[in-house]
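Structure assessment
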Amino acid sequence: YHDFLPFYDIISIWKCVDVGLQIVKNDQLSTTFLEPLILKKEIMVSNIYPYQKMNEYYPDLDLFLVTNTANAIAQRMEDFIDGNLTPERILENRKKIIEDNFNFEENIQKMVDYYQQLLKERKS
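Let me sum up the structure you'll find in this document. (Residues numbered from 1 in each chain as written. Predicted model: local features only at pLDDT ≥ 70, side-chain atom pairs only at ≥ 80, totals over all residues. Heavy atoms only, no water.)

**Comments concerning the packing of aromatic side chains**
- Enumeration over the complete set of coordinates arrives at 4 aromatic pairs.
- Summarising the aromatic geometry, the rings of tyrosine 57 and tyrosine 58 are spaced 4.8 Å apart at their centres and angled 85° between planes, so their arrangement reads as edge-to-face.
- Tyrosine 57 sits in the exposed class, given a relative accessible area of 63%.
- With 6.4 Å between their ring centres and 55° between their planes, tyrosine 58 and phenylalanine 102 make a pair best called tilted. In this pair, tyrosine 58 is assigned in the loop between helix H3 (49-57) and strand E3 (65-66) and phenylalanine 102 in helix H5 (residues 88-102), connecting sequence segments 44 residues apart.
- Look at tyrosine 58 and you get buried, because its relative accessible area is 15%.
- Members of the aromatic cluster, connected to one another through ring pairs, are Tyr57, Tyr58 and Phe102. (Phe/Tyr/Trp six-rings, centres within 6.5 Å; stacked < 30°, edge-to-face > 60°. Buried < 20%, exposed > 50% of the residue type's maximum accessible area, 1.4 Å probe, protein only. Helix = DSSP H or I, 4+ residues; strand = E, 2+ residues; numbered from the N terminus.)

**Remarks on the nonpolar core**
- Counting 15 residues, the largest nonpolar core has Phe33, Leu37, Ile43, Tyr51, Leu61 and Leu63 as the members making the most contacts within it.
- At the level of elements, helix H2 (31-38), strand E2 (42-46), H3 and H5 are the ones that each hand at least two residues to this core.
- Broken down by element, this core gets its largest block of residues, 4 residues, from H2.
- Contact partners of leucine 37, with chain neighbours within four places excluded, come to Ile43, Leu61, Leu63, Leu91, Arg94, Lys95 and Ile98. (Core = buried A, V, L, I, M, F, W, Y, C linked by side-chain atoms within 4.5 Å. Contact = heavy atoms within 4.5 Å.)

**Here's the deal with the environment of phenylalanine 7**
- Among the structural elements, phenylalanine 7 can be located in helix H1 (residues 7-15).
- Distance in space between the C-alpha atoms of phenylalanine 7 and glutamine 109 is 6.8 Å, their sequence separation being 102 residues.

**Some points on the pairing of strand E1 (residues 19-22)**
- Inspection of the sheet shows E1 paired to E2 by 4 bridges, in the parallel sense. Bridging from a neighbouring strand, valine 19 pairs with glutamate 42 of E2. (Pairing = 2+ DSSP bridges.)

These figures capture arrangement, not role.
Next up, the structure:
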């Protein structure tokens, strides 16, 4: 059991992160997928159906999808380390797509407020 982090703490953590990792078998477009996109961070994501559909529906996301194997993940990480980074134009496109289509700031704050209220109720 631990308290949820306030939204500003989550943003502070992301500011220190170079690459978001979303290596999963399943996902429903979680915040760990959306946050690096809106914050214009590099992201390594699994080649799974939801992300394939995101690439199809929003081609300007230009996501590089990686298979969930140690070699593929290591190679993609090596790309980042070697400086093979996503162009700024694509990072901007990703941010705009998330802002325009996922109402991120309003929804994440509502979610954090909701869970903080649940914690308060649980403690009382």
